[in-house]
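Each chain, written out:
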Amino acid sequence: KGSLPKPPQRKAKFMADHQDDAFLRDRLRELDTYVKKLVEVPHAWLSTGAPAFVGLSDAVREYSVLFREKTLGFTLGRAPPKADGAL
């Protein structure tokens, strides 16, 4: 556990605008760096969820993640109807 890289620090919404382009670019860069470091740790792959997390498992049909926070910083809405009427 101690040899895994630390994930990037989260920033509170009252400290940073999570919709801001600069914030999103920085966050993407931080997360990308973290994942690159994580995949270099051999024992991290012993976790059954690690390969699926990075999209390397063909057998995974569904993957669930539990978030401690009430919101993720975005809101889901209905998709606009398709021109052909399909759902």
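Residues numbered from 1 in each chain as written. Predicted model: local features only at pLDDT ≥ 70, side-chain atom pairs only at ≥ 80, totals over all residues. Heavy atoms only, no water.

**Quick word on the overall build of the protein chain**
Applicable threshold: Starting at the N terminus, helices and strands are each numbered in turn, a helix being any DSSP run of H or I of at least four residues and a strand any DSSP run of E of at least two. Classification of residues uses two cut-offs on accessible area relative to the type maximum, computed with a 1.4 Å probe and protein chains only: under 20% is buried, over 50% is exposed, and between them is partly exposed. For this analysis, residues touch if any pair of their heavy atoms sits within 4.5 Å. Computed by Shrake-Rupley with a 1.4 Å probe, the accessible areas treat only the displayed protein chains as cover when residues are assessed.
Along its length, the protein chain carries 2 helices and 0 strands. The proportion of buried residues among the 87 residues of the protein chain is 13%. A sequence separation of at least 24 residues applies to 41% of the contacts in the protein chain between residues at least 6 apart. Of the accessible surface of the protein chain, which amounts to about 8400 Å², a share of 57% is contributed by carbon and sulfur atoms.

**Looking at the environment of Phe23**
Along the polypeptide, Phe23 turns up in helix 1 (residues 21-38). Expressed as a C-alpha distance, the spacing of Phe23 and Lys11, which sit 12 residues apart in the sequence, is 9.7 Å. Phe23 has contacts with Lys11, Ala16, Asp17 and His18, leaving out every residue within four places of it along the chain.

**Quick notes on the pattern of salt bridges**
Put simply, the rule reads: Only one rule defines a salt bridge in this text: a Lys or Arg side-chain nitrogen within 4 Å of an Asp or Glu carboxyl oxygen.
On inspection of all chains with the given rule, the structure shows 4 salt bridges. A salt bridge links Glu30 to Lys11; the shortest N-O distance between them is 3.3 Å. Taken together, the positions of Glu30 in helix 1 and Lys11 in the segment before helix 1 put the pair 19 residues apart, joining distant regions of the chain. Given a relative accessible area of 34%, Lys11 falls into the partly exposed group. The salt bridge involving Glu30 is made with Arg27; its shortest N-O contact spans 3.7 Å. Highlighted residues: Glu30 and Arg27, both in helix 1, separated by 3 residues, approximately one helical turn.

**Describing helix 1**
Note the cut-off: Each residue after the first adds 1.5 Å to the expected span of a helix. In protein, a polar contact requires one atom able to donate a hydrogen and another able to accept it; more generally it is a pair of N or O atoms within 3.5 Å, and residues adjacent in sequence count only if both atoms are side-chain atoms.
Between its first and last C-alpha, helix 1 extends 25 Å over 18 residues, near the 26 Å set by a 1.5 Å rise per residue. Among the residues of helix 1, the N-terminal cap falls to Asp20, whose side-chain oxygen and the backbone nitrogen of Ala22 are separated by 3.2 Å.

**Details of the environment of Leu31**
Here Leu31 is to be found in helix 1. A sequence separation of 24 residues divides Leu31 from Pro7, and the C-alpha atoms of the two residues are 7.5 Å apart.

**Some details on the environment of Glu30**
Its relative accessible area of 22% is what places Glu30 among the partly exposed residues. In this structure, the C-alpha to C-alpha distance between Glu30 and Pro8, residues 22 residues apart in sequence, is 6.1 Å.

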